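Listed below are the residues making up each chain.
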Amino acid sequence: MAKTLTIFLTILFFTTIVTTSNSQRFSRNLSPDEIGLKREKLTHLHFYFHDIVSGKNPTAMRVAQSNITDTSPTGFGFIAMADDPLTLGPDANSTLVGKAQGIYGSADQKEVGLLMVLNLAFVEGKYNGSTLSMFGRNRIFDKIREMPIVGGSGVFRFARGYAQAKTYWFDVKSGDAIVEYNVYVFHY
Ligand SMILES: *[C@@H]1O[C@H](CO)[C@@H](O)[C@H](O)[C@H]1NC(C)=O
Ligand SMILES: *[C@@H]1O[C@H](CO)[C@@H](O)[C@H](O)[C@H]1NC(C)=O
Ligand SMILES: *[C@@H]1O[C@H](CO)[C@@H](O)[C@H](O)[C@H]1NC(C)=O
């Protein structure tokens, strides 16, 4: 009986060592096809971004500000959280292709320059469930602003590229805006 137990414990001991050493391997080299990566491609996406800050159903709202934000000519220090619809056309009721989710805020005390940290979460066709991560500077009064795409998920794994934003419509009074986006990304 005691012998059986000893054998059992010995097996358990070695099994544990083997499994732990496997699960403790920190890194390894592999070839791209081992994780299904074939050929890198370049994709162009075109859509409209709706940033609605006024009315009964805002899609972006201020969540924090500094004590100088209200007196700063650039609104320095405010931070907003957005869940902004992305549509095929400029009409808010045109086909929804995704949402821009994340934060933006005023990061410049001299000119209007926003820090944008947004995930573009797509729902359209083969892009449904895939995301692109955008992280950049947005001087909203420039005709065209360029922001880096720093990564992605799903069909956009290993993504890198840039987004160009161009204001299509802006209501100074309410702050609501519709922005045309052209996004160029390399991915697999
Ligand atoms: C803002 O807050 C800081 C730190 O509490 C304080 O020193 C400063 O005087 C405040 N500024 C204004 C404009 O209220
Ligand atoms: C979108 O459709 C809703 C409901 O049909 C309507 O109330 C709204 O005015 C439309 N919006 C635009 C921008 O056309
Ligand atoms: C996207 O995927 C979700 C969950 O997989 C599904 O419920 C939804 O209907 C899909 N949307 C479109 C537009 O295909």
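Placed above this text is the structure.
Read on for a plain summary of the structure. Bear in mind that the values here come from a model prediction, so they are computed numbers and not experimental data.

**Considerations on the overall build of the chain**
Move 1: Summing up its helical and strand segments, the chain has one helix and nine strands in all.
Move 2: Reading the helices (α) and strands (β) of the chain from amino to carboxyl end gives α-β-β-β-β-β-β-β-β-β.
Move 3: For the chain, the exposed area adds up to about 12100 Å²; of that, 59% sits on carbon and sulfur atoms.

**Regarding the pairing of strand β6 (residues 131-138)**
Move 1: Bridging between strand β5 (residues 114-122) and β6 involves eight bridges; their strand directions are antiparallel. In the strand pairing of β6, Ala121 is matched with Thr131.
Move 2: Bridge count for β6 against strand β7 (residues 145-153) is four bridges, and the pairing is antiparallel. Pairing of Ser133 across the sheet is with Gly151, part of β7.
Move 3: The antiparallel hairpin formed by β6 and β7 contains six residues in its connecting segment.

**Comments concerning the packing of aromatic side chains**
Move 1: For the coordinates displayed, the defined rule picks out 10 aromatic pairs.
Move 2: Linked through ring pairs, Phe47, Phe49, Phe122, Tyr127, Phe156 and Tyr181 together constitute an aromatic cluster.

**Things to note about a positive patch on the surface**
Move 1: On the surface, Lys38, Arg39, Lys41 and Lys126 cluster together to form a positively charged patch.
Move 2: By the element assignment, Lys126 lies in the loop between β5 and β6.

**Quick notes on the pairing of strand β4 (residues 96-106)**
Move 1: Bridge count between strand β3 (residues 79-87) and β4: nine bridges; the pairing is antiparallel. Paired with Asp84 across the bridge in β4 is Ala100.
Move 2: In the sheet, β4 pairs with β5 via nine bridges, with the strands oriented antiparallel. Residue pairing across strands places Gly98 opposite Phe122, the latter belonging to β5.

**Structural notes on unusual backbone geometry**
Move 1: In this structure, Phe158 takes a positive phi of about 65° despite not being glycine.
Move 2: If you trace the backbone, Phe158 turns up in the loop between β7 and β8 (160-170).

**Regarding the environment of Thr69**
Move 1: Of note, Thr69 is situated in the loop between β2 (60-64) and β3.
Move 2: Residue Thr69 is classed as buried on the basis of its relative accessible area, which comes to 4%.
Move 3: Spatially, the C-alpha atoms of Thr69 and Gln109 are 9.6 Å apart, while their sequence positions differ by 40 residues.
Move 4: When residues no more than four places from it in sequence are discounted, the contact partners of Thr69 are Arg62, Gly75, Phe76, Gly77 and Phe78.
Move 5: A distance of 2.7 Å separates a polar atom in the side chain of Thr69 from the backbone oxygen of Phe76.

**What about the nonpolar core?**
The nonpolar side chains of soluble globular proteins are, as a tendency, buried together.
Move 1: Phe47, Phe122, Leu132, Tyr181 and Val183 are the most contacted members of the largest nonpolar core, which has 30 residues in total.
Move 2: At the level of secondary structure, the elements contributing two or more residues to this core comprise β1 (41-51), β3, β4, β5, β6, β7, β8 and β9 (177-187).
Move 3: With sequence-adjacent residues up to four places away left out, Val183 is seen in contact with Thr43, His44, Leu45, Phe47, Leu132, Ile149, Tyr162 and Ala163.

**Details of a nonpolar patch on the surface**
Move 1: A cluster of nonpolar side chains, Met61, Val63, Ile79, Met81, Ile103, Leu115, Val117, Phe135 and Val150, forms an exposed patch at the surface whose accessible area comes to about 750 Å².
Move 2: Within the residue set of the nonpolar patch, elements represented by two or more residues are β2, β3 and β5.

**Side note on the layout of surface pockets**
Move 1: In this structure, the largest pocket occupies an estimated 630 Å³ of space.
Move 2: Contributing to the lining of the largest pocket are 26 residues, with Phe78, Leu114, Ile140, Phe170 and Gly175 lying nearest its centre.
Move 3: Of all the secondary structure elements, the ones that give two or more residues to the lining of the largest pocket are β1, β2, β5, β8 and β9.
Move 4: Across the lining of the largest pocket, the residue classes tally to 18 nonpolar, five polar and three charged.

**Focus on the pattern of salt bridges**
Move 1: Under the definition given, this model contains seven salt bridges.
Move 2: Through salt bridges with shared partners, a single ionic network connects Asp108, Glu111, Arg137, Arg139 and Asp142.

Rules used in this analysis
- Residues numbered from 1 in each chain as written.
- Chains lettered and ligands numbered in written order.
- Predicted model: local features only at pLDDT ≥ 70, side-chain atom pairs only at ≥ 80, totals over all residues.
- Heavy atoms only, no water.
- Helix = DSSP H or I, 4+ residues; strand = E, 2+ residues; numbered from the N terminus.
- Areas by Shrake-Rupley, 256 points an atom, 1.4 Å probe, with all protein chains shown as cover.
- Pairing = 2+ DSSP bridges.
- Phe/Tyr/Trp six-rings, centres within 6.5 Å; stacked < 30°, edge-to-face > 60°.
- Patch = residues over 30% accessible without salt bridge, like charges linked within 9 Å, V, L, I, M, F, W, Y side chains within 5 Å.
- Salt bridge = Lys/Arg side-chain N within 4 Å of Asp/Glu carboxyl O.
- Lys, Arg positive; Asp, Glu negative; His and termini not counted.
- Charge placed at Lys NZ, Arg CZ, Asp CG, Glu CD.
- Buried < 20%, exposed > 50% of the residue type's maximum accessible area, 1.4 Å probe, protein only.
- Contact = heavy atoms within 4.5 Å.
- Polar contact = N/O pair within 3.5 Å; in protein donor to acceptor, adjacent residues only side chain to side chain.
- Core = buried A, V, L, I, M, F, W, Y, C linked by side-chain atoms within 4.5 Å.
- 1 Å grid on protein atoms, 1.4 Å probe; cavity = no way out; pocket = protein on both sides within 12 Å on 5 of 7 lines; lining within 4 Å.
- Points joined across faces, edges and corners; volume = space filled by probe spheres on them.
- Nonpolar A, V, L, I, M, F, W, Y, C, P; charged D, E, K, R; others polar.

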